Structure formats: structure tokens, C-alpha cells
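Here's the letter readout for the chains.
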Amino acid sequence: MNSKADIVIVGSGVAGLFCALNLPERCRVVILTKDRLERSDSYLAQGGICVAQGESDYESFYEDTMRAGHYQNDPAAVSLMIESSRSVIEDLVSFGTDFARQGGNLLCTREGGHSRPRIVYHQDITGREVMTRLIARVKERSNIEIHEYETMVDLLVEQAECRGVISRGTDGRLRLWQADSTVLACGGVGGLFEFSTNYRHITGDAIAIALEHGIATERVDAVQMHPTTFYDPSSSRCLLISESVRGEGAHLLNERGERFTDELAPRDVVTAAIRAEMERTGTDHVYLAMQHLGEEVIRSHFPNIYESCRQRGIDVLTQPIPVVPAQHYLMGGIKVDLDSQTSMARLYAIGETSCNGVHGANRLASNSLLESLVFARRAARRIGASHRTQIEKRGSGSLALPDFEKYQEDSLMERYHRTVREKMGEQLHAI
Ligand SMILES: Cc1cc2nc3c(=O)[nH]c(=O)nc-3n(C[C@H](O)[C@H](O)[C@H](O)COP(=O)(O)OP(=O)(O)OC[C@H]3O[C@@H](n4cnc5c(N)ncnc54)[C@H](O)[C@@H]3O)c2cc1C
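All of the points below concern the structure found in this document.

Rules of the game
- Residues numbered from 1 in each chain as written.
- Predicted model: local features only at pLDDT ≥ 70, side-chain atom pairs only at ≥ 80, totals over all residues.
- Heavy atoms only, no water.
- Phe/Tyr/Trp six-rings, centres within 6.5 Å; stacked < 30°, edge-to-face > 60°.
- Helix = DSSP H or I, 4+ residues; strand = E, 2+ residues; numbered from the N terminus.
- Buried < 20%, exposed > 50% of the residue type's maximum accessible area, 1.4 Å probe, protein only.
- Lys NZ or Arg CZ within 6 Å of the ring centre and 35° of its normal.
- Core = buried A, V, L, I, M, F, W, Y, C linked by side-chain atoms within 4.5 Å.
- Contact = heavy atoms within 4.5 Å.
- Axes fitted to C-alpha atoms, helices over the stretch in contact; angles between N-to-C directions.
- Parallel < 35°, antiparallel > 145°, perpendicular 65-115°, else oblique.
- Nonpolar A, V, L, I, M, F, W, Y, C, P; charged D, E, K, R; others polar.
- Salt bridge = Lys/Arg side-chain N within 4 Å of Asp/Glu carboxyl O.
- Left-handed = near helix turned anticlockwise from the far one by under 90°.
- Pairing = 2+ DSSP bridges.

1. Description of the packing of aromatic side chains
The relative placement of two aromatic rings is captured by the distance of their centres and the angle of their planes. One pass over the structure, following the stated rule, counts two aromatic pairs. Ring geometry for Phe18 against Phe95: centres 6.2 Å apart, planes inclined by 85°, an arrangement best described as edge-to-face. Here Phe95 lies in the loop between α4 (75–94) and β4 (101–102) and Phe18 lies in helix α1 (residues 14–22), a separation of 77 residues in the sequence. Overall, Phe95 belongs to the buried group, its relative accessible area being 13%. Relative to Tyr62, the ring of Tyr58 lies with its centre 6.1 Å away and its plane at 20°, an arrangement referred to as stacked. Of the two residues, Tyr58 and Tyr62 both sit in helix α3 (residues 58–68), four residues apart, roughly one turn of that helix. For Tyr58, a relative accessible area of 22% gives the class partly exposed. Of note, Arg237 hangs over the ring of Tyr199, and the distance from its end group to the ring centre comes to 4.7 Å. Lying across the ring of Tyr329, Arg363 places its NZ or CZ 4.1 Å from the centre.

2. Focus: the nonpolar core
Counting residues in hydrophobic clusters, the biggest one holds 56 residues, and the most contacted among them are Ile9, Ile49, Leu92 and Leu134. By residue number, the principal contributor to this core is helix α11 (residues 367–394), which donates nine residues. Not counting the four nearest positions on each side in its chain, Leu92 is found in contact with Phe18, Ile49, Thr97, Phe99, Val130, Leu134 and Leu373. The next biggest cluster of nonpolar side chains, apart from the first, holds 44 residues, and it includes Cys162, Leu184, Val189 and Leu347.

3. Digging into the packing of helix α6 (residues 205–212) against helix α13 (residues 411–424)
For the pair α6 and α13, interaxial distance at closest approach is 9 Å and the crossing angle is 90°. Judged by the inter-axis angle, α6 sits roughly perpendicular to α13. Residues Asp205, Ala208, Ile209, Leu211 and Glu212 of α6 form the contact with α13, whose own contacting residues are Met413, Arg415, Tyr416, His417, Thr419, Val420 and Lys423. Class assignment of the residues belonging to the contact of α6 with α13 gives a composition of six nonpolar, two polar and four charged.

4. Concerning the pattern of salt bridges
Summed over the entire model, instances satisfying the criterion amount to 29 salt bridges. Across the salt bridge formed by Asp91 and Arg377, the nearest N and O atoms sit 2.9 Å from each other. A residue pair is termed long-range when its members are at least 10 positions apart, and Asp91 in helix α4 and Arg377 in helix α11 qualify at 286 residues. Note that Asp171 and Arg175 form a salt bridge whose closest N and O atoms lie 3.1 Å from each other. Residue Asp171 is classed as partly exposed on the basis of its relative accessible area, which comes to 46%. Relative accessible area serves as the criterion here: at 11%, Arg175 is assigned to the buried category. One network of salt bridges, with partners in common, ties together Asp57, Glu63, Asp64, Arg67, Arg116 and Arg118.

5. Description of the packing of α3 against α4
Where α3 meets α4, the axes come as close as 10 Å, and the angle between the chain directions of the two elements is 135°. Our classification of the angle between α3 and α4 gives oblique. For α3 against α4, the interelement crossing comes out right-handed. Between α3 and α4, the contacting residues are Tyr58, Phe61, Tyr62, Thr65 and Met66 on the first element and Pro75, Val78, Ser79, Met81, Ile82 and Glu83 on the second. The residue inventory of the contact of α3 with α4, partitioned by class, reads eight nonpolar, two polar and one charged.

6. A word on the sheet that holds strand β15 (residues 321–330)
If you trace the four strands from one edge of the open sheet to the other, you get β12-β15-β14-β13, paired in antiparallel fashion. Among the strands making up the open sheet, the edge pair consists of β12 (223–230) and β13 (251–253). The average undirected angle you get between the axes of adjacent strands in this sheet is 45°.

7. Side note on the environment of Asn304
Mapped onto the secondary structure, Asn304 falls in helix α10 (residues 303–311). For the pair Asn304 and Gln123, spaced 181 residues apart in sequence, the C-alpha to C-alpha distance is 8.1 Å. The contact partners of Asn304, leaving out residues within four places of it in the chain, are Gln46, Asp124, Ile125 and Arg128.

8. Points about the sheet that holds strand β16 (residues 333–335)
With respect to topology, three strands assemble into an open sheet ordered β11-β16-β18, the strand pairing being mixed. Taken across any chain shown, the strands that pair with only one partner, and hence form the sheet edges, are β11 (217–218) and β18 (354–355). Bridge analysis of β11 against β16 gives two bridges, and the strand direction is antiparallel. By the bridge assignment for β16, Thr217 is matched with Ile334. Packing of α6 onto the sheet brings it into contact with β11 and β16, and relative to β16 it is tilted by some 45°.

What follows is the structure, encoded as C-alpha cells:
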């Protein structure tokens, strides 16, 4: 099957959907996604989204982001993200997102590495709330077409320009999607790791395909571990215990019930402290105690964590949660400029798949959804502006068909995954 669109977006997480909603409605947009529309890491997000608390917060938000990133962040990207934070939250509210409020004002929580509360949230299921609204809006748009269970297996490239993608459906059939602009929004790499908070089908496919085509990438091995996931060695997908639990005052304890670190330090620092404590005490996990936050805070702010732990045999009102670090996020990815343009013409990358330098060597908590939103919107605006010119330039040009045989092999995806795994090295099995 051969289909034509103005823009093809691969991935239906927050980046892909927000980009689609910000594209001009005159454009025909196709969204391809590997699984069900709802099955993205964006949907799993718990803690919330950072937003600058007015002009006076700019310097401090900037400094917190840079410090967490070990000052290896791109200063221009960080500034842009912070300056745009208020307006993307306003966009989400206009799409119907119901953030926690008091007296009409947005309530903010705090997480590790932040010098003040600046994270808007919806209970402990912020991702589900945001994504439910975005999915509803996308379905209302007559210019947006969604195809679930379509896995991108390659890019269509002609004369060093991206001209669309090739996908394979669950029926094994290959489909060709020609487009003037292509946007990769395929998320991170957690599915390749032994223990991760990510969905298992999020496996760095776009990054592997970019590497195959010689498209520039950056920091592809820069993985972030989340310090606190529920300790359960029998499960590869780890239940996250949100950073905002520590932000609200929960304590990390060793097996003797002693605190051993500053719970509000950046993630890499807390992870290192937990690993050192596990090593020192010869244990395979530590504990996170939230009982002292009180039943009202726990039930109103963390109902999902309460229920998920209860299902695993822990009553967080009376018992500490056994926790261990696990893979969580990729700071690196396909290298992009501030408008999310990759090194290949007509190809864009957004969200966790991309690397615009915002996070440096270590992401500050709750900057990920914000970064995805800000730079997805920038990509949409850039594509919208360039769209007319591309149509004029495009002419009738028919595309040389690729060699379909090579995409029939099941081993193709395995090869892609091997490519990305090799970049990760020993981190793949890390706890
Ligand atoms: C448990 C958890 C909690 C989190 N909490 C927070 C939080 O509170 N705040 C915060 O800022 N960040 C949080 N994060 C991180 C954040 O959710 C993600 O970094 C962000 O949502 C990534 O969005 P995305 O759109 O780039 O990718 P994703 O949401 O991961 O979506 C990727 C999409 O690409 C599709 N896809 C992948 N490969 C292919 C392919 N080959 N072909 C077609 N489609 C493909 C997938 O099916 C999916 O639809 C959390 C992450 C997890 C896992």
C-alpha cells in the first residue's frame, strides 16, 4: 500500500500528538504508532510538568536545570524551554487538562533538584490526564488520521532528503507513507533494558534507523536511572514511585530504618547514594517511607501509588516501600536544532527520541514532558511555515520504490535493537 500525506508523525506520545495539534489544519497529517494509541510512556507519567513561576523564577529554574545537567546543557535550549513553559501549560488547559488547583490557581509540587515548587500535576496520574485530553482533541480533527499497530521499519530517503517512512502492520504487510515532512516521536530506549519504568515496546527504533542513515545523533548512551522504583525482581517493567513523593517529604531508609542521603538531590546523585548504601549494607534494595505524610495527603495526591503498592502487598499508610533504581529516561538521541530539525532535510525529531541539549548529562525531574511539548510545538510551527514552499518545490516527482524484501525479515528489528544496545553497553543490566 502506498499513501501520501503532507506530514507523517511516527509515535503517539505527548510529543507526537501535541505536534499534530499544532500543525495547520489545512495539512493532511498521518500518525503511525506501534501499539495502541494510549500505550506510550507519556501516558504513564506521574509527577507532573515544570512551569516557571513568573519572571522571578526564571533564574532559579534555569540554574536548577543546568545544575542537574552538570552544566552540559545547551543554554539556548534551556532558556527557550523555560520561556515557553507557561504558554504550553495554557495550551494544555485549553485542551481540557485538569491540573490541581486551589482557589482557581494552579497548585505546584516539588521534586528532587528543584529549589522551589514549580510542578503542575493531576494527582499522581498527570500523564494519563494530559494524554486523555490530547487523544480526544486529535480524534476530533478531520485532518489527522491515526494508524495503530503500524511499526516504522525505515525511512524513505531520496537524494539525501526524507520523503516519508515504511511501516509494517501486525498482518506483516508493508506500507509506504510518502510525506513532505516526517516527524520522529518514538520515545526512548527503556524496552531494551532488563529493568525499566518504560513500556517494553519503546525500543529506540528511530535512533537505530537514524544511525543506519548516518543522521547525526548525540549522547545516545546518556541514560538516566530513576532512584525509586518498586523492588520486584520478577518484573521487567518497574512501577515508578514518583519523585514528588520525596518532594512532599518522604524519606529514604536503609534496612535499619536510618536515613542515608538528601532525598531532594538530583536523580543521579540520589541513585548513586542508593547504590552505595545497597553495596555497604549488602542488600538489593532500600526503602521509601511516606507514612508520615499522613493519610489525607497520600490519598488525595498519590491515590495511584497507594493502590499500586497495595496490589503488591504494601500498605503505604503503615509500611515503607521497598525501592531500587531502574532505567527511566534517555537524555541523548537524534540531534536536532531548536526547531527540532535533524541533520537530514525534511526530517524532524521530537520528545525523548531527540536531543536538543536541554537536559545535558542528567535531566531535572519533570522537565521531560515540558521539553517534549515546547519543542514539538516549535517543530509544528516550523513545518507549517515551510509547508507551502515544499509543495512548490516538490513537483510531480515519483519516488523510486525501495527493496521491500529486506523489510520482510523479522531479524530487521532485532538488528536495530542490537545497534542501540551496543551503544548502551553494560548499563543494560544495571540496577
Ligand atoms: C513511569 C514514567 C513516569 C514518568 N513521569 C514523568 C513526569 O512526571 N514528568 C515528566 O516530565 N516526565 C515523566 N516521564 C518521562 C516522560 O513521560 C517521557 O519522557 C515522555 O512522555 C516522552 O514522550 P514521547 O512523546 O517522546 O514518547 P512516548 O510517550 O514514549 O511515546 C513514544 C511513541 O512512539 C511509538 N513508537 C515507538 N517506536 C515506534 C515505531 N518503530 N513505529 C511506530 N511507533 C513507534 C510508541 O508506540 C509511542 O506511541 C515519565 C516516564 C515514565 C516511564
